[in-house]
Amino acid sequence: MIQASMKTFRKTVRTIAAIKIIFLSILILTGQRAFTQGTLSGVVVDDEFSTPLEKAVITIPGTLISVLTDQQGKFAMKLVGGNYSIMVNYPGHFEKFYNVSISEGISTPMFIIKLKANAVGREMQRKISGYETPRQFPQSLEPFTCWPVDEQKGHQEFNEIFRSVASVNYQSNGSSLGQSGIGFRGNNASHTSYTFNGILLNNPETGRVNPVMFAGLTDWAGQIQAISGQAANLQDQTASGGLINVLSYLPQEKAGVEVLAVYGNAGFLKTSATIHTGQTKKGWASSLQFSRTAGDGTVQNSDFEQYGFFIDLRKEINHKHTLVLNLNGVLQQRNLNGADSIGAYNFYGPQYNKSWGFLAENPVSWSGNYERSPLISLTHFWQPRKKTHLTTQVFAQLNNSAQIYADGRFNRLPLDSLPRDENGHLQVDQVTNWNQGLEATGMGSVRVADAEGKFINTDTSGVSLLAAIDREYRFGLRSVLTREISKKLQVQAAVNLERYQARHSGVVHDLLSANGYFSFADANQTSGFQVDKLFNTGFYPNFQSPGAAAYSYLSLVQSGGLAFRINYLTKRFYWYLESAGSLRNMQRTDDFNYLNTDPDRKPSTGLLAGGRAQTGFRINFWKYHSIHLRTGYSSSQPLFITISPVSDNWKNNNVKNEQVFDAELGYTIFSRKLKIETLAYRAEIYNRAEIRRSNLRPDHVLGLINGLHEVHQGVELKSSYKLTKNLQLYLNSAYGDWKYTVDATAQLLDNNHNTETSNLLIKNIRVANAPQLSIFGEVEYRWAHNFYVRLNYYRADRIYAPFGLSDFKNLADRSDFVQWQLPAYQLLGASGNYQLKIGKSQMLNIIFGANNLLDSEYIEQSTTNFPEGNSRYTSNLVYYGMGRTWFAGIRVQF
């Protein structure tokens, strides 16, 4: 009886307390005039770096009363007079509680609230990675905070997150996993640099990032910065287009476990588990992550599967020395898609993929890719004096990949003539029948056996699947010295050394029912040789077991450089001066096209010099206004594939260093509700080179354009406005004027390296495949403290096709040339993120998102130029954009 009475009493007390909380929330939220309110204000900053924390949450626990900090970290909360418990929270930081008293009609300042991050080693990570403080750096910089970075883990493509950046051109390049790229301000993806914890990821042969690394960055990214234009980053050889600076997540100060599961369309499923050991009393801290991602792909037969791991082990030896060991790696298999004609897509649909078919009713890909890439780095942080830091990093990247492709001929016909079914798929059954001398529909006369009654494939007889195997070994050393001369002046110096070596081989993968393969590709074996070992795919392929059959060469790139930077900072003024210089040596050793005694087998470029110099400043006129100006010059060495563009050691001797003069001027005004940043930029580019492999005559294998002169100029707008405390609008837009400024000439090469010159009347023609008008708008709504929902809109317009190398051959006047303007397209997207604390140390994070909600069909880019109305219009080779994608995921931290 007594127990029942006590239960009833406790229930009554809880009910009364709940009613009081609800009543108080209603009074404060509705602002009842019957009560005089006071104002609670303050500034929330990061404890270690004293930088403002935007969107930190200040709340009264147990109520729906909360406010967010603005872009300066400031907040103001109106409360009825009384005593309150206040909680201040920001993702990745330890929350703080305060007891405050509010007096009616009086403002109560809390001044500066410092939140400590739950991660260790942030200072060292920033120093080695060249992390920039957005409010100081005098250049267009887009930082991605924890909210969008968390959501990005559900996207199929790492680069998808950058579509919101003004003047960025996102291309899915066939919509297969890992094929995407981005370019800044009219530059293509090879002019965008990526760094991960200070390590430059761009391949020194192609200028691009190996696709397998994009898969890893999706899982490992903790912070991301996108910098437009030539970035000041203490790297000696960053590209002039832009820089993506990625910092990994770090071990936490307290032990914990994170489990993530994301599901999406087309069978997309990502799972990962992360373990943080916490920081021990002896200075040890570590993190370990394993992940798996798989899916069917958004286009036909583009399924993929990948496994990733990340290990961060750090030891604080004493207050002067810290060691960090990072182990990263991805194992990946995927099927790819390529460009096709508008006619093919109109007939078969935008998800069409021509590189696959059926064999015995089982799907077979002729464009499979297998890749694994471990990345190892050891970083030493040394602070010999209070104001002197030396951070040294050694790293190694071992990338192995194999790209499947078809090779050979049948009845003297090229492989483009192979039979296909009514859905456009390869009839692989008919190919295997013909290869073994059987009747094959659509392949002409029956194949005749050799003198021994066998059907032996070669590069000119029979159809085979080969594999282009690349085994890359990259080793490097970076060291960054930072010296704080005074509170205002800082000096930095960096040294970068790197050696890259890659073995490229064409091996046999599948004989497609033939009896063997005989190769005549090696000049040292004039009578040919039998290929016995094939490349066998599987979960963990052996990239070293098969012998080379089609080609074999070794590429070597050695580079080294120095960078120097001065930073001067006061309360209202920031200025920097940076310069860098580098030397690069490239060598190509061909084992098949030259005799072993031939001196031309191993030519070298010698030392090629490059460098850059730039300076910039930002002035804060007063509290909410600033202006910045940056200008610079860079001279970049040619890429390996530009100097050696063909299948032997023939060199492109006309290529020169690409030179860029660029400048940027910006003005920023912001307050608690409004932020507007306007930018104007101009870049003059000289000696740019292009390689063309499509839209050529049958007797030409390659087109080279050296000495292109371009001007990239335009204006950008970045803005946000807070309509209410829970509703915020964002608008980023850009208008560019990117064009060629002088005429040029192209060299057309045949198989014997004979060249034909083609005059290109390209003055004032637009740079291709980059939207010169783009708009990104987003509406963000916050509910229940940590629940964000976003709806975004993207429009791309003024996209032009590339000129053809023979387009000007028979023109009577340059005005007769017509450049095809691709149709504009518009996309709708949505995303959301909800963080809920469910215990003392447990956190639930729900993410969801969708791109191209209306499933719009649009042409993203073209490799040919046949304008609408031209009889060959439907022959344009194009890439369609990605269709509708969506995901939903949950992460639990405990």
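Rules and cut-offs
- Residues numbered from 1 in each chain as written.
- Predicted model: local features only at pLDDT ≥ 70, side-chain atom pairs only at ≥ 80, totals over all residues.
- Heavy atoms only, no water.
- Helix = DSSP H or I, 4+ residues; strand = E, 2+ residues; numbered from the N terminus.
- Buried < 20%, exposed > 50% of the residue type's maximum accessible area, 1.4 Å probe, protein only.
- Pairing = 2+ DSSP bridges.
- Axes fitted to C-alpha atoms, helices over the stretch in contact; angles between N-to-C directions.
- Contact = heavy atoms within 4.5 Å.
- Polar contact = N/O pair within 3.5 Å; in protein donor to acceptor, adjacent residues only side chain to side chain.
- Core = buried A, V, L, I, M, F, W, Y, C linked by side-chain atoms within 4.5 Å.
- Salt bridge = Lys/Arg side-chain N within 4 Å of Asp/Glu carboxyl O.

A. Layout of unusual backbone geometry. Positive phi values are uncommon outside glycine, yet Asn197 reaches one of about 50°. For Asn197, the location among the structural elements is in the loop between β11 (192-196) and β12 (199-200). Residue Asn197 is classed as buried on the basis of its relative accessible area of 8%. Of note in this structure, Asp855 is not a glycine but carries a positive phi near 55°. Tracing the backbone shows Asp855 in the loop between β47 (843-851) and β48 (859-862).

B. Main features of the sheet that holds strand β1 (residues 37-46). Reading across from one edge, β4-β1-β7 is the order of the three strands in this open sheet, with mixed pairing throughout. Only two strands of the sheet have a single neighbouring strand rather than two, namely β4 (74-80) and β7 (107-115). Mean inter-strand twist for the sheet, computed between neighbouring axes without regard to direction, equals 25°. For β1 and β7, the ladder comprises seven bridges, and the chain directions are parallel. Each residue of the ladder has a partner; that of Leu40, found in β7, is Thr108.

C. Geometry of the environment of Gln637. By secondary structure assignment, the location of Gln637 is in the loop between β35 (625-636) and α7 (640-643). Distance in space between the C-alpha atoms of Gln637 and Val655 is 9.4 Å, their sequence separation being 18 residues. Excluding anything up to four places from it in sequence, Gln637 contacts Gln237, Ser582, Leu583, Arg584, Leu608, Ala609, Gly610 and Asn657. Only 3.1 Å separates the side chain of Gln637 from the side chain of Ser582, close enough to count as a polar contact. Side-chain polar atoms of Gln637 contact the backbone oxygen of Leu608, separated by 3.1 Å.

D. How the structure looks around the sheet that holds strand β13 (residues 221-228). Strands sit in the order β8-β13-β14-β11-β12 across an open sheet of five strands; the sheet is mixed. In this open sheet, the two strands that pair with only one neighbour each are β8 (141-144) and β12. Looking at chain direction, β11 and strand β14 (residues 242-248) are connected through five bridges and run parallel. Within β14, the position partnered with Tyr194 by the bridge is Ile244. Running over the sheet, helix α2 (residues 122-129) touches β13 and β14 and is turned about 155° from β14. Sitting on the sheet, helix α4 (residues 211-220) is in contact with β11, β13 and β14, with an inclination near 120° to β13.

E. Geometry of the nonpolar core. Formed by 32 residues in total, the largest nonpolar core has its most connected members in Phe158, Phe162, Leu201, Ile224 and Ile244. For this core, the secondary structure elements donating two or more residues are β9 (168-171), β10 (181-184), β11, α4, β13 and β14. In terms of residue count, α4 provides more of this core than any other element does, six residues in total. Apart from residues no more than four positions distant in its own chain, Phe162 is found in contact with Phe144, Val168, Ile182, Ile224, Ala226 and Ile244. One finds Leu40, Ile60, Val88 and Ile113 within the second-largest nonpolar core, a separate group that totals 26 residues.

F. Quick look at α2. Counting buried positions over the eight residues of α2 gives seven, a clear majority of the element. Those residues of α2 lying buried are Arg122, Met124, Gln125, Arg126, Lys127, Ile128 and Ser129. The positive-phi residue at the C-terminal boundary of α2 is Gly130, with phi of around 70°.

G. Seen up close, α4. Of all 10 residues in α4, nine are buried, a share of seventy percent or more. The complete set of buried residues in α4 reads Val212, Met213, Phe214, Ala215, Gly216, Leu217, Thr218, Asp219 and Trp220.

H. Seen up close, the pattern of salt bridges. This structure, assessed with the given rule, holds 34 salt bridges. Arg795 serves as the salt-bridge partner of Asp797, at 3.2 Å between the closest nitrogen and oxygen. Given a relative accessible area of 23%, Arg795 falls into the partly exposed group. Via salt bridges that share partners, Lys55, Glu151, Glu780 and Arg790 belong to a single interconnected network.

I. Representation of the side chain of Ser862. Among the secondary structure elements, Ser862 is positioned in strand β48. Here Ser862 falls in the buried class, since its relative accessible area comes to 0%. Among the polar contacts made by the side chain of Ser862, one reaches the main-chain carbonyl oxygen of Thr864 at a distance of 2.7 Å. A polar contact is formed between the side chain of Ser862 and the backbone oxygen of Leu877, at a distance of 3.4 Å. When neighbours within four sequence positions are excluded, Ser862 is seen to be in contact with Asn769, Ala801, Pro802, Trp820, Leu822, Asn876, Leu877 and Val878.

The analysis is restricted to geometry; functional conclusions fall outside its scope.
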